[in-house]
Amino acid sequence: MPRFAANLSFLYTEAPFLDRFAAAAHDGFAAVEFGFGYDFAAKEIAARLNAHGLVQVLINAPPGDLAKGDRGLASLPGREHEFAASVVTALRYAQTLACPRVHIMAGVLPAEADGEQRARHRSTFVRNLRFAAREAEEQGVELSIEPINPRDVPGYFLNTQAEAHSIREETGVPNLKVQLDLYHAQIVEGDLSEKLRHWLPHIGHIQIAGVPGRHEPDIGEINYRHLFALLDELNYQGWVGCEYRPLAGTSAGLSWMKRLL
């Protein structure tokens, strides 16, 4: 059976952020992940993890200025210093939280970007990932990059599994993996079973949500019962992050686990 981690950026949002750790533990989660906890001291978050017997399995590096449209910095030429600072911050949090994985967001391309500009963004992305991987390796942290569908994040640099794995291969560092969010992958390209079979050795983390709507995974067109069985068949040892928007309260919606497993 897959091991599920509660994504505290999406689940338990009816409670203040620091109270979500207790709620996740109460509902039986052994692990959590979240996008951005940088408004809180790392030691404060670590205390919540320890108090409730939880492990932190994933954080995102700081994404830049979300209010101004930033969705990561790694592929943005001219912002390398900001990116380097974000890596330092992310790794400091990862160390305090004993978190083994940091997701590096690529960023959004200009609306008018042509092929030459895209190539420049790609080379910046690869160069920045190599830098971040070297820094992360010193403390045993794995990095991940994630394709995101352009409907949710228009202009996001990375959209498909093939693109992500091509960049992973070009970067050529052992502690860089691809994060497979099955919600995004279904919207962009589908064929989820084959993607799992083909890419699983290079996938560091998996996330789930129903399509459409990004609600509980038993709602919509994805057959998660089949995919969970396939993960068992393929002996996937990682975590599965529950990154969905509950329809009517987090705890009430967790009945999907019994139905699908």
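Above this text you will find the structure in question.
Counting of residues starts from 1 at the beginning of each chain's written sequence and follows it residue by residue. Totals for whole chains, interfaces and linings use every residue, but because this is a predicted model, local features are given only for residues with pLDDT of at least 70 and side-chain atom pairs only at 80 or more, for both listing and counting. The side-chain quantities take in all heavy atoms of the structure and omit both hydrogens and water.

Chemist: So what about the side chain of Asp181? Which residues, and what values?
Modeler: In this text, helices come from DSSP runs of H or I with a minimum length of four residues, and strands from runs of E with a minimum of two, each type numbered from the N-terminal end. Here Asp181 lies in strand E6 (residues 176-181). Three exposure classes are used, based on accessible area relative to the maximum for each residue type with a 1.4 Å probe and protein chains only: buried under 20%, partly exposed in between, and exposed over 50%. Judged by its relative accessible area of 2%, Asp181 falls in the buried class.

Chemist: Please set out the nonpolar core residue by residue, giving values where relevant.
Modeler: Of all hydrophobic cores here, the largest spans 80 residues; its most connected members are Phe21, Val102 and Ile206. Per element, the largest residue contribution to this core is 7 residues, and it comes from helix H3 (residues 80-97). The contact criterion used throughout is that any non-hydrogen atoms of two residues lie within 4.5 Å. Excluding anything up to four places from it in sequence, Ile206 contacts Leu180, Leu182, Leu196, Leu200, Leu231, Tyr236, Trp239, Val240 and Gly241. What we call a nonpolar core is a set of buried Ala, Val, Leu, Ile, Met, Phe, Trp, Tyr and Cys residues that are connected through their side-chain atoms within 4.5 Å. Among the nonpolar cores identified, the runner-up in size contains 5 residues, and Ala5, Val57, Leu58 and Trp239 belong to it.

Chemist: Residue-level account of helix H2 (residues 42-51), with values.
Modeler: Within the sequence span of H2, burial applies to Ala42, Ile45, Ala46 and Leu49. For H2, the angular spread of buried residues about the axis comes to 100 degrees, placing them on one side. Relative to its buried face, H2 has exposed residues pointing more than 90 degrees away, namely Lys43 and Ala51. Where H2 is buried, its residues contact helix H1 (20-26), strand E2 (31-33), strand E3 (55-60) and H3. Taken from the residues just after H2, Gly53 is the one with a positive phi, measuring 65 degrees. In this description, one arc is meant: the one made by directions from the helix axis to the C-beta atoms.

Chemist: I'd like to hear about the environment of Leu109, residue by residue, with values.
Modeler: Within the secondary structure layout, Leu109 lies in the loop between strand E4 (101-103) and helix H4 (115-137). Spatially, the C-alpha atoms of Leu109 and Asp70 are 9.9 Å apart, while their sequence positions differ by 39 residues. The contact partners of Leu109, leaving out residues within four places of it in the chain, are Arg118, His121, Gly155 and Phe157.

Chemist: Run through the sheet that holds E4, naming residues and quoting values.
Modeler: A pair of strands is labelled paired if DSSP reports no fewer than 2 bridges between them. Pairing is parallel around the closed barrel formed by 8 strands, whose spatial order is E1-E2-E3-E4-E5-E6-E7-E8. Across this sheet, the average inter-strand angle for adjacent strands is 30 degrees, counted without regard to direction. When strand E1 (residues 3-7) meets E2, the two strands line up parallel, connected through 3 bridges. Bridge pairing links Asn7 to Glu33 in E2. Only C-alpha atoms enter the line fits that serve as axes; for helices the fit covers just the stretch in contact. Angles between N-to-C directions range over 0 to 180 degrees. Contacting E3 and E4, H3 crosses the sheet at an angle of about 175 degrees to E3.

Chemist: Any chance you could break down H3 for me, citing the residues and the numbers?
Modeler: To estimate the expected span of a helix, subtract one from its residue number and multiply by 1.5 Å. In a regular helix each residue adds 1.5 Å, so 18 residues correspond to 26 Å; H3 covers 26 Å between its end C-alpha atoms and thus fits that length. Among the residues of H3, Phe83, Ser86, Val87, Ala90, Leu91, Tyr93, Ala94 and Leu97 are the ones counted as buried. Taken around the axis of H3, the buried residues stretch over an arc of 160 degrees, which confines them to a single face. Among the exposed residues of H3, those pointing more than 90 degrees away from its buried face are His81, Val88 and Gln95. Where H3 is buried, its residues contact H2, E3, E4 and H4.

Chemist: With reference to specific residues and values, describe the pairing of strand E7 (residues 203-208).
Modeler: With 6 of 6 residues buried, E7 lies mostly within the body of the structure. As judged from the 4 bridges shared by E6 and E7, these two strands associate in the parallel manner. The residue bridging Val178 from the neighbouring strand is Ile203, located in E7. Note that E7 and strand E8 (residues 239-242) share 3 bridges and pair parallel. Bridge assignment links Gln207 to a residue of E8, and that residue is Gly241.

Chemist: Outline the pattern of salt bridges, supporting the account with residue identities and numerical values.
Modeler: The salt bridge criterion pairs a side-chain nitrogen of Lys or Arg with a carboxyl oxygen of Asp or Glu, the two atoms within 4 Å. In this structure the tally under the stated criterion is 15 salt bridges. The partner of Arg127 in a salt bridge is Glu80, with the nearest N and O atoms 3.6 Å apart. Here Arg127, found in helix H4, pairs with Glu80, found in helix H3; they are 47 residues apart in sequence, far enough to count as distant. We note a salt bridge from Glu189 to Lys195, for which the minimum N-O separation is 3.7 Å. When its relative accessible area of 29% is taken as the criterion, Glu189 is described as partly exposed. Residue Lys195 is classed as buried on the basis of its relative accessible area of 13%. Here the salt bridges share partners, and the residues they tie into one network are Asp152, Asp181, Arg214 and Glu243.

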